[in-house]
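Descriptive analysis of the structure
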Amino acid sequence: MYHANLGVVLLLLVSSSICLNAQRHTTLPAITSANPVYFSLPPEGLRQTDPLEAGDFRLLASRNDDWDAPQSQWSHRDSIVYLYDGLVLSQAQTLRFDGLAWKRSSREIYGYDLGHRTLSQRQTWDGVDWKDVSRTVYQYDANNNRIFTINQNSDGTNWLNLNLVMYTYDANGNLTKLRRQKYQGNGWIDQLLEGYDYDANQLRKEQTKQTWDVSTNTWLNTQKTSYHYSTTKQLDQELLRIWKNDNWEPAVLVSYAYQDSSLVEVTRNSWTGFAWSNYSKEVYAYQQNPHLLSTLTTLLWQGSD
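No experiment lies behind these values; they were computed from the predicted model shown. (Residues numbered from 1 in each chain as written. Predicted model: local features only at pLDDT ≥ 70, side-chain atom pairs only at ≥ 80, totals over all residues. Heavy atoms only, no water.)

**A closer look at the environment of T267**
Residue position: T267 is located in strand β17 (residues 262-271). Of the residues examined, T267 reaches a relative accessible area of 18% and is grouped as buried. Residues T267 and V254 lie 13 residues apart in sequence; the distance between their C-alpha atoms is 5.6 Å. (Helix = DSSP H or I, 4+ residues; strand = E, 2+ residues; numbered from the N terminus. Buried < 20%, exposed > 50% of the residue type's maximum accessible area, 1.4 Å probe, protein only.)

Here it is as structure tokens:
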């Protein structure tokens, strides 16, 4: 049977606007080997959100709930409120529910330069002030392609180098290579290399990942993802394979279903070594506007009745 482990309800929050003009940040460090940063990723499991619509389709707020099995009810986890300077996202503030009330938790502040995001800075609330945690600085080439992502953490006083991501593109502007390095001691050490290939329609058909082996000074295969598209160029299948026993072996198969142009279902299957086994399903529902997500529910496969 299926088990719904997560769900969402509409959070009625009113967005306010703050003044954070898009401008060049002259105080940011230049991109050199002495100045690298930590990618700000969302916490694992925050998948279920339900947006509050603005008149121009801006996302104003979302809320994440967990299923409380003993109580047989949904429990609030957190909420994100989005603030704008005009149509430009200037801040995303996270609130945590302590069982009685929503409490300030953290926020992301964004900076821009000529239409590009050049800064994402994360801060946490200590009850009195906002404290710096991490920041990501971006740089672009003349073709508006992002070529560097530099990440740093704060020790409370200084920004400490963490990692650097470099991007390479083909003549069509497609990303062909991503290389990640970490800062160690006084220099950079390779970590990850990703390569991308495209079909005649300029749709990504394959992605390969390799990790750097310090002991042999070589890149080692880790995983490969192949993409398949429908006749309408919608992604309908992803196949993840892992490098094992000097061969690419299947691991996860993801299938996508659409209603017109809207994604309505994502199904994941895992490879048992002999056959594909159901793992999970995500079901998407929309408001009357087909472009605005209403609910997203994750179902875990518990086996047949």
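**Here we look at the packing of aromatic side chains**
For the coordinates displayed, the defined rule picks out seven aromatic pairs. Summarising the aromatic geometry, the rings of W212 and W219 are spaced 5.1 Å apart at their centres and angled 70° between planes, so their arrangement reads as edge-to-face. Take W212: its relative accessible area is 24%, and that puts it in the partly exposed class. In this structure W219 comes out as partly exposed when scored by relative accessible area, which is 24%. Between W243 and W248, the ring centres sit 5.0 Å apart and the planes meet at 70°, which makes this aromatic pair edge-to-face. You can call W243 partly exposed: its relative accessible area is 34%. (Phe/Tyr/Trp six-rings, centres within 6.5 Å; stacked < 30°, edge-to-face > 60°.)

**Things to note about the environment of L263**
Among the structural elements, L263 can be located in strand β17. Setting aside residues up to four positions removed in sequence, L263 forms contacts with Y256, A257, Y258, Y284 and Y286. (Contact = heavy atoms within 4.5 Å.)

**So, the nonpolar core**
L203, Y227, Y229, L235, V254, Y256, V266, Y284, L293 and L296 together form the largest nonpolar core, which totals ten residues. At the level of elements, β14 (218-229), β16 (247-259) and β19 (293-301) are the ones that each hand at least two residues to this core. When near neighbours in sequence (up to four residues on either side) are disregarded, Y229 contacts D199, L203, R204, Q234, L235 and D236. In terms of nonpolar packing, the next biggest core, distinct from the first, is built from eight residues, Y82, Y84, L89 and A92 among them. (Core = buried A, V, L, I, M, F, W, Y, C linked by side-chain atoms within 4.5 Å.)

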